[in-house]
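Chain and residue survey
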Amino acid sequence: MLNITGIDVYYGRVRALDGVSIHVPEGKIVTLLGANGAGKSTTLKAVSGILPVAQGEISFIGKPLNGVPAEEIVSLGVIHVPEGRQIFAHLTVEENLRIGLYARKDKWNFKTELEHALNYFPALATRLAQKGGTLSGGEQQMLAIARGLMGKPRLLILDEPSLGLAPKIVADIFTIIRRLNKEGTTVLLVEQNANMALKTADYAYVLEIGRVVMAGEASVLLKDDRIRRSYLGGH
Ligand code: ATP
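Residues numbered from 1 in each chain as written. Predicted model: local features only at pLDDT ≥ 70, side-chain atom pairs only at ≥ 80, totals over all residues. Heavy atoms only, no water.

As annotated in an unreviewed UniProt entry, the chain carries the name ABC transporter ATP-binding protein and is attributed to Anaerosporomusa subterranea. The annotation that UniProt attaches to the chain under Sequence similarities (unreviewed entry) is "Belongs to the ABC transporter superfamily." (UniProt positions renumbered as here; feature names shortened; annotations may be inferred.)

Written as structure tokens, this is what we have:
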């Protein structure tokens, strides 16, 4: 569904990605692992058109994404839930959710879309009139994902959804990710919680200083000695 082939991405003159290739098959969950600064967020930003690709190709359902404006990429159903949530603190929960519709080109009805998103996040239903900034960290993450759902994702890109959240909330968020996937959404997930990520994903890629250094089935990588030492605390 998503094919990233040999991409290089630069920040000014600094090369952040060096020939990265990643394949995300339709209906699967693929996770990117790696230390801080390895290039995970950069890869996601290249896919969603936030950063330009200097070399290599990205295609989604057979369409080249190189040079396509970010808004058009959203319209294709590639929805990026960024690291740090980036919800609008001064807007209400409902207004934040409405923003998720901005690039939809199909016919939609706000109430129907809202019900669909709230079905995954019922805790938000009682908070629609509350300002986004008054939500807890976990609720803000849920709002960020719910806003993504309003965009009707075919490919949902999640950058560090568990960052800074309590274990119970992290477990809830992963349950929702699995449910969304079971119901047909393909997921590309960046996670610092490698254990959770490998248990949830079908395939995993490991990035080190802008390169893919390992890739394979998540269940296999979960048992790999190098992965255990570097990303799973050596147990
Ligand atoms: P993290 O989990 O810390 O976000 P990451 O694997 O997602 O790590 P990236 O954010 O993709 O890493 O960063 C890859 C490289 O690009 C790093 O060396 C980083 O310092 C550099 N970098 C990231 N953003 C910028 C920027 N806006 N300007 C310059 N360099 C950047």
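Overall, the prediction assigns the chain a mean pLDDT of 95, with 99% of residues at 70 or greater. Note on the complex model: pTM 0.94, ipTM 0.92. (pLDDT = per-residue confidence, 0-100.)

Another aspect to go through is unusual backbone geometry. In this structure, Lys-152 takes a positive phi of about 55° despite not being glycine. The residue Lys-152 is located in the loop between helix 5 (137–150) and strand 7 (155–159) in this model. (Helix = DSSP H or I, 4+ residues; strand = E, 2+ residues; numbered from the N terminus.)

Relative to the assigned elements, Ser-48 resides in the loop between helix 1 (40–47) and strand 4 (55–60). Overall, the relative accessible area of 6% leaves Ser-48 in the buried class. Considering only alpha carbons, one finds Ser-48 and His-80, 32 residues apart in sequence, at a separation of 6.7 Å. When residues no more than four places from it in sequence are discounted, the contact partners of Ser-48 are Ala-70, Ile-73 and His-80. (Buried < 20%, exposed > 50% of the residue type's maximum accessible area, 1.4 Å probe, protein only. Contact = heavy atoms within 4.5 Å.)

Here the focus is the site of the ligand. Around the ligand, the neighbouring residues are Tyr-11, Ala-16, Ala-35, Asn-36, Gly-37, Ala-38, Gly-39, Lys-40, Ser-41, Thr-42, Glu-83 and Glu-160. At 3.4 Å, a side-chain N or O of Tyr-11 approaches a nitrogen atom of the ligand. Within the side chain of Asn-36, one N or O atom sits 3.4 Å away from an oxygen atom of the ligand. If the ligand stood free it would expose 620 Å²; the protein chains cover 59% of that surface. Looking at the shell around the ligand, the element that brings in the most residues is helix 1, giving three residues. (Near = heavy atom within 4 Å. Polar contact = N/O pair within 3.5 Å; in protein donor to acceptor, adjacent residues only side chain to side chain. Areas by Shrake-Rupley, 256 points an atom, 1.4 Å probe, with all protein chains shown as cover.)

Because each turn of an α-helix spans 3.6 residues, side chains separated by three or four positions end up pointing in the same direction. Within helix 1, seven of the eight residues are buried, leaving the element largely enclosed by the surrounding structure. Taken residue by residue, helix 1 has Lys-40, Ser-41, Thr-42, Thr-43, Leu-44, Ala-46 and Val-47 as its buried positions. Looking at the residues trailing helix 1, positive phi occurs at Gly-49, about 80°.

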